[in-house]
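# Examining the three-dimensional arrangement
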Amino acid sequence: MSDPNAKCERFRTLIRDPEILVMPGAHDALTAMILEAEGFKAVQHSSWGVAAAYGLPDGGIMSFSESLDAVRHMVRAVDVPVNADAEGGFGLPANVYRTACELIQVGAVGMNLEDKRSRPGEAGWGIIELDEMLEKIDAFLEAKRDCGSAFVLNARTDAVMAYADDPERGVVEAVNRGNAFAEKGADLVFVFGKLPAESVSILVREIQGPISITCHSDGLTVQELQDLGVGRTSLGTDSIRIAAGAVERFARALKAEGTQRNVEGFLSTPEIGAMVQKRQRKPGG
């Protein structure tokens, strides 16, 4: 699918299909290729994962150019849609405009845009004012129009996390913000946080549009989220956490035993070689 707008519309259709869209996060191009090979219909670029792969903490430390470069490589590596995690848009509404334009240029089908002010435990932790978030969405929509793009907006709220000491208030705020995002023009509302089934049911019922919920390892399963009516679920950090754990097991075995023979789960050099060679032969690869 060479037409960028056709790929954006394909992604939008996947979000709205009755079957839940499962999007594992990728922290590099090879991971995206493995996910595509295993049959996933779309890939989520993980800002947390890419930052960790660069040896950086999450939360706006990684530069936009570093994030953009990671998205570019993922888009070139796979044929399925790649959605970019643009965090808070890397600044003010003017930055959001530039961020969206450049992600469109490298071939991403859409981007996450969140209302988080800072990370939990940090000074000033919380969510930005709703009006400020809506200004950022306006900037996104302006960029989309100016680029003639069907680019998809996944508008994320961290209201549940911000009001963790008052879960009911967090859900109410998430509903209010989600509807404001959808009315402004967001294609998808991403409510971040580990939520019980009762809360997810309220969000699905009250938010006027498709919603996304993270599939936490100790939370609701994909099937449970599907049954509740969730449109999309993402697993942003799992791939790099699992990869890092495998490297750690390899290093410990090599150090303790002088061999890596007993470490399981390796892909062979020919398997990886065949995967990347296949991509190299494709136009734009």
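### A few points about the overall build of the protein chain
Along the protein chain, the regular secondary structure elements total 12 helices and 10 strands. By the compact-globule yardstick of 19 Å for 285 residues, the protein chain fits well, its C-alpha radius of gyration being 19 Å. Principal-axis analysis of the C-alpha atoms gives the protein chain an extent of 55 × 45 × 40 Å. Here the protein chain holds 285 residues, and 46% of them are scored as buried. Long-range contacts, defined here as pairs at least 24 residues apart, represent 65% of the contacts in the protein chain between residues at least 6 apart. Surface summary for the protein chain: the accessible area is close to 14,000 Å², and the carbon and sulfur share equals 52%. Taking the average location of the 30 positive side-chain charges in the protein chain and that of its 41 negative ones, the two points are 6 Å from each other.

### Re a nonpolar patch on the surface
Residues Leu30, Ile34, Leu267 and Val276 make up a contiguous nonpolar surface patch of about 270 Å² in total accessible area. One can find isoleucine 34 in helix α2 (residues 29-37).

### Comments concerning the nonpolar core
Within the largest apolar cluster, 65 residues are counted, with the highest numbers of intra-cluster contacts made by Leu103, Met111, Ile137, Val191, Leu203 and Ile213. Apart from the residues within four sequence positions on either side, valine 191 is in contact with Thr157, Val160, Ala174, Leu203, Ile207, Ser212 and Ile213. Membership of the second largest hydrophobic core comes to 11 residues, among which are Cys8, Ala150, Val152 and Leu188.

### Looking at unusual backbone geometry
Of note in the backbone geometry, glutamate 87 takes a positive phi value of approximately 50° without being a glycine. Relative to the elements of secondary structure, glutamate 87 occurs in the loop between β3 (82-85) and α5 (93-106). Using a relative accessible area of 10% as the deciding quantity, one classes glutamate 87 as buried. Notably, phenylalanine 90 is not glycine yet its phi reads approximately 65°, a positive angle. Position of phenylalanine 90 among the secondary structure elements: in the loop between β3 and α5.

What counts and what doesn't
Residues numbered from 1 in each chain as written. Predicted model: local features only at pLDDT ≥ 70, side-chain atom pairs only at ≥ 80, totals over all residues. Heavy atoms only, no water. Helix = DSSP H or I, 4+ residues; strand = E, 2+ residues; numbered from the N terminus. Rg over C-alpha atoms; globule rule 2.2 N^0.38 Å. Buried < 20%, exposed > 50% of the residue type's maximum accessible area, 1.4 Å probe, protein only. Contact = heavy atoms within 4.5 Å. Areas by Shrake-Rupley, 256 points an atom, 1.4 Å probe, with all protein chains shown as cover. Lys, Arg positive; Asp, Glu negative; His and termini not counted. Charge placed at Lys NZ, Arg CZ, Asp CG, Glu CD. Patch = residues over 30% accessible without salt bridge, like charges linked within 9 Å, V, L, I, M, F, W, Y side chains within 5 Å. Salt bridge = Lys/Arg side-chain N within 4 Å of Asp/Glu carboxyl O. Core = buried A, V, L, I, M, F, W, Y, C linked by side-chain atoms within 4.5 Å.

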